[in-house]
Amino acid sequence: MGDLDCIVVGGGFAGLRAARDLHDAGRRVALLEARDRLGGRTWTRPFAGTGANVEIGGAWFTPGQDEVVRELDRYGVGTRTYPAPSRVRWHTDGVLRDGLPVPFDEIGALERALVTIAGDGARARVGTLGPVASQSCADYIVALDVPRATAEFLAAWWVMIGGTDPARGAIIDALQAIASHGGVTGLITALRYAPAEGWSEFARRMGADVDVRLGVPVARIVDAGGSVRVECAGGTVLTAARVVVALPVNVLPHVAFEPPLPTATAEAAGTNAGRSVKLWFHARGIPPGSLAAGRGAGVSWLYADRLLADGSVFALGFGWDAPGLDPAAALHAFWPEAELLASDWHDWNGDPFSLGTWATATVGKADLLVHDRFPPHGRIAFAGADIAPHEAGWIEGALLSGAAAARWALAAG
Ligand SMILES: Cc1cc2nc3c(=O)[nH]c(=O)nc-3n(C[C@H](O)[C@H](O)[C@H](O)COP(=O)(O)OP(=O)(O)OC[C@H]3O[C@@H](n4cnc5c(N)ncnc54)[C@H](O)[C@@H]3O)c2cc1C
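These remarks concern the structure in this document. (Residues numbered from 1 in each chain as written. Predicted model: local features only at pLDDT ≥ 70, side-chain atom pairs only at ≥ 80, totals over all residues.)

Details of the overall build of the chain
Each helix and strand counted, the chain has 11 helices and 19 strands in total. A compact globule built from 413 residues should have a C-alpha radius of gyration of about 22 Å, and the chain, at 22 Å, falls within 12% of that. When its C-alpha atoms are laid out on the principal axes, the chain stretches across 70 × 50 × 35 Å. Scored against the burial criterion, the 413 residues of the chain give a buried share of 53%. A sequence separation of at least 24 residues applies to 72% of the contacts in the chain between residues at least 6 apart. (Helix = DSSP H or I, 4+ residues; strand = E, 2+ residues; numbered from the N terminus. Rg over C-alpha atoms; globule rule 2.2 N^0.38 Å. Buried ≥ 20, exposed ≤ 12 C-beta atoms within 10 Å, placed from the backbone. Contact = placed C-beta atoms within 7 Å.)

Rendered as structure tokens:
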């Protein structure tokens with residue numbers, strides 16, 4: 001038997017939840033985290049050059065995401081409500097529009113497309129979508145057979161929800177997200193709450209009583225039968241009766257497992273197609289509460305979040321990791337009248353401890369990035385938002401899957 005009852009690898013919300021629950025149940029548990037901070041793909045930090053905090057990674061939750069709501073309550077973390085958009089700016093078929101997103105004669109096509117999307121979302125949720133699930137967003141929109149402005153409008157929303165190149169990500173995850181969060185409008189009306197003190201502070205509070213070891217990237221995990229040995233890049237070696245691996249799916253191929261992962265798991269490791277770029281702008285000349293979407297210059301969906309005392313605003317935008325993204329061009333594609341003061345972001349796709357953003361299945365392979373491919377492997381269990389049985393891709397999913405991994409470790413003794 002090892003020195004510890006359990007080692008949790010990864011200090012995002014899945015690992016934090018698993019470690020916290022095991023600690024609360026009286027188990028000897030250590031959490032090993034590669035970075036020098038907790039929170040993983042969430043990160044609250046000051047916008048470069050300003051003192052104001054922004055969410056560089058995951059930000060919003062919906063009122064229906066019960067685990068998030070319960071956990072924030074538990075730690076006395078307040079909720080910040082982002083105002084609903086009050087102005088819109090669309091860029092479709094080469095035209096900047098302040099009212100309807102498409103020309104009036106395309107409204108019927110847009111309505112038909114939204115009805116189809118809502119129906120497919122409902123089917124995606126209950127698993128009856130069939131081969132459409134693996135289709136790329138680009139092909140899905142072609143099949144909707146809509147005019148150009150409508151197609152560009154829909155593709156822009158994909159970039160915000162699917163988080164990758166429309167040609168690269170399978171449509172399934174976006175349809176499930178739509179179905180789970182109040183239909184096609186739900187992502188604006190429901191997804192606008194965040195912890196008032198920021199996710200990083202929430203992560204700190206969640207890990208406060210746990211034996212957390214920062215700056216220790218795990219390189220190798222050996223299930224020796226009676227115990228599991230965890231070897232870190234700097235030479236630290238720990239053993240425990242059980243290990244919970246709460247790593248991003250794209251990081252798994254970079255950790256050595258002995259015995260090797262089963263084929264079904266190994267095939268799925270590394271297949272998160274999520275490659276979002278979340279770009280923050282500090283700008284003047286954009287009314288707060290503005291939403292913009294459409295064909296942009298590297299960023300397809302933007303929201304002017306907060307008015308500062310000097311009349312400037314923070315806006316955030318979503319694109320994907322296409323080379324040559326120019327923040328000024330990205331902003332001016334929607335608001336040519338705006339003045340860009342500064343921009344800020346984190347490259348989650350190049351970061352070796354995430355290697356991508358939120359879970360989106362790869363085109364043609366919707367059957368890979370699924371919970372069933374990650375059953376416990378001997379004394380090792382897997383957790384994480386990417387592979388969560390419910391609310392996959394979301395902070396909610398991370399918490400749920402961490403809780404399930406803790407239950408597994410407790411039941412195993
Ligand atoms: C830009 C962006 C925007 C997003 N927006 C939202 C949103 O609005 N709402 C929402 O709900 N979700 C959002 N998400 C998704 C959400 O943030 C993630 O799905 C969730 O936080 C993942 O949690 P996790 O614990 O599964 O993984 P992670 O948070 O990635 O945690 C894994 C941990 O493992 C660590 N690690 C990696 N390699 C090693 C190693 N070798 N050894 C030890 N530790 C290692 C990492 O450093 C990390 O701390 C967003 C994500 C991004 C990137």
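Structure shown, so let's carry the discussion forward.
Focus on the nonpolar core
Where a protein is soluble and globular, its nonpolar side chains tend to be buried together. Cys6, Val9, Val243 and Val244 are the most contacted members of the largest nonpolar core, which has 133 residues in total. Every residue in contact with Cys6, bar those within four places of it in the chain, is listed here: Leu22, Arg27, Val29, Ala240, Ala241, Arg242, Val243, Val244 and Ala409. (Core = buried A, V, L, I, M, F, W, Y, C linked by C-beta atoms within 7 Å.)

So, the site of the ligand
Taken together, 39 residues surround the ligand, and among them Gly10, Gly12, Gly40, Gly58 and Ala385 come closest. Residue assignment for the shell around the ligand shows that the elements contributing at least two residues are α1 (13–24), β14 (276–284) and α11 (395–412). In terms of residue count, α1 provides more of the shell around the ligand than any other element does, 3 residues in total. Looking at the shell around the ligand residue by residue, the classes come out as 22 nonpolar, 13 polar and 4 charged. (Near = placed C-beta within 6 Å. Nonpolar A, V, L, I, M, F, W, Y, C, P; charged D, E, K, R; others polar.)

A few points about the packing of helix α3 (residues 107–126) against helix α6 (residues 172–180)
Two elements in contact, α3 and α6, have axes whose closest approach is 8 Å; the angle formed by their N-to-C orientations is 95 degrees. Here α6 runs roughly perpendicular to α3, going by the angle between their axes. Across from Ile117, Asp120, Gly121, Ala122, Ala124 and Arg125 in α3, the residues of α6 making contact are Ile172, Leu175, Gln176, Ile178, Ala179 and Ser180. (Axes fitted to C-alpha atoms, helices over the stretch in contact; angles between N-to-C directions. Parallel < 35°, antiparallel > 145°, perpendicular 65-115°, else oblique.)

Points about the sheet that holds strand β17 (residues 313–320)
Spatially, β7-β6-β15-β16-β17-β14-β18 is the arrangement adopted by the 7 strands of the open sheet, whose pairing is mixed. Each end of this open sheet is capped by a strand with a single partner; those strands are β7 (95–97) and β18 (339–344). Strand-to-strand twist across the sheet, computed as the mean angle between neighbouring axes with direction ignored, equals 20 degrees. Both strand β15 (residues 290–294) and strand β16 (residues 299–307) contribute to a ladder of 3 bridges, which runs antiparallel. (Pairing = 2+ DSSP bridges.)

Regarding the packing of α1 against α11
The interhelical angle for the contact between α1 and α11, taken along N-to-C directions, is 35 degrees, at an axis separation of 7 Å. Both α1 and α11 take part in a crossing whose hand is right-handed. Taking contact as the criterion, the partners of Phe13, Ala14, Gly15, Leu16, Arg17, Ala18, Asp21 and Leu22 in α1 are, on α11, Ile395, Ala398, Leu399, Ser401, Gly402, Ala403, Ala405, Ala406 and Ala409. In terms of residue class, the contact of α1 with α11 is made up of 12 nonpolar, 3 polar and 2 charged. (Left-handed = near helix turned anticlockwise from the far one by under 90°.)

Structural notes on unusual backbone geometry
Of note, the bond from Glu258 into Pro259 is cis; its omega dihedral lies within 30 degrees of zero at -5 degrees. Looking at the secondary structure, you find Pro259 in the loop between β13 (256–258) and α9 (263–268). Despite not being glycine, Asp93 shows a phi value in the positive range, around 50 degrees. Locating Asp93 in the fold gives a position in the loop between β6 (87–92) and β7. Positive phi, normally seen in glycine, also occurs at Asp145, with a value near 55 degrees. Looking at the element boundaries, Asp145 is found in the loop between α4 (137–144) and α5 (148–161).

Concerning the pairing of strand β12 (residues 237–245)
Sheet topology places strand β1 (residues 4–9) next to β12; 5 bridges connect them, and they run parallel. When the sheet's bridge partners are listed, Cys6 is paired in β12 with Arg242. The hairpin turn running from strand β11 (residues 228–232) into β12, its antiparallel successor, is 4 residues long, and Gly235 in that turn takes a positive phi close to 105 degrees. The pairing of β12 with strand β19 (residues 380–382) spans 3 bridges and is classified as parallel.

Some points on α11
In an α-helix there are 3.6 residues to a turn, and that puts residues three or four apart on one side. Taking 1.5 Å of rise per residue, 18 residues should cover 26 Å, and α11 covers 26 Å from first to last C-alpha, within 8% of that figure. The inward-facing, buried residues of α11 abut β1, α1, α2 (66–74), β12 and β19. Backbone geometry just after α11 places Gly413 at a positive phi near 90 degrees. (Expected span 1.5 Å × (residues − 1).)

Description of α6
Across the 9 residues that make up α6, a large majority, 9, are buried. For α6, the set of buried residues is Ile172, Asp173, Ala174, Leu175, Gln176, Ala177, Ile178, Ala179 and Ser180. Next to the buried residues of α6 lie α3, α4, α5 and α7 (186–189). Positioned one or two residues after α6, Gly182 has a phi angle of 85 degrees, which is positive.

Brief notes about the pairing of β6
Bridging between β6 and β15 involves 5 bridges; their strand directions are parallel. Paired with Arg87 across the two strands is Ser290, which belongs to β15. As judged from the 3 bridges shared by β6 and β7, these two strands associate in the antiparallel manner. Among the inter-strand pairings, Trp90 is bridged to a residue of β7, identified as Arg97. Connecting the antiparallel pair β6 and β7 is a turn made up of 2 residues, with Asp93 showing a positive phi of about 50 degrees.

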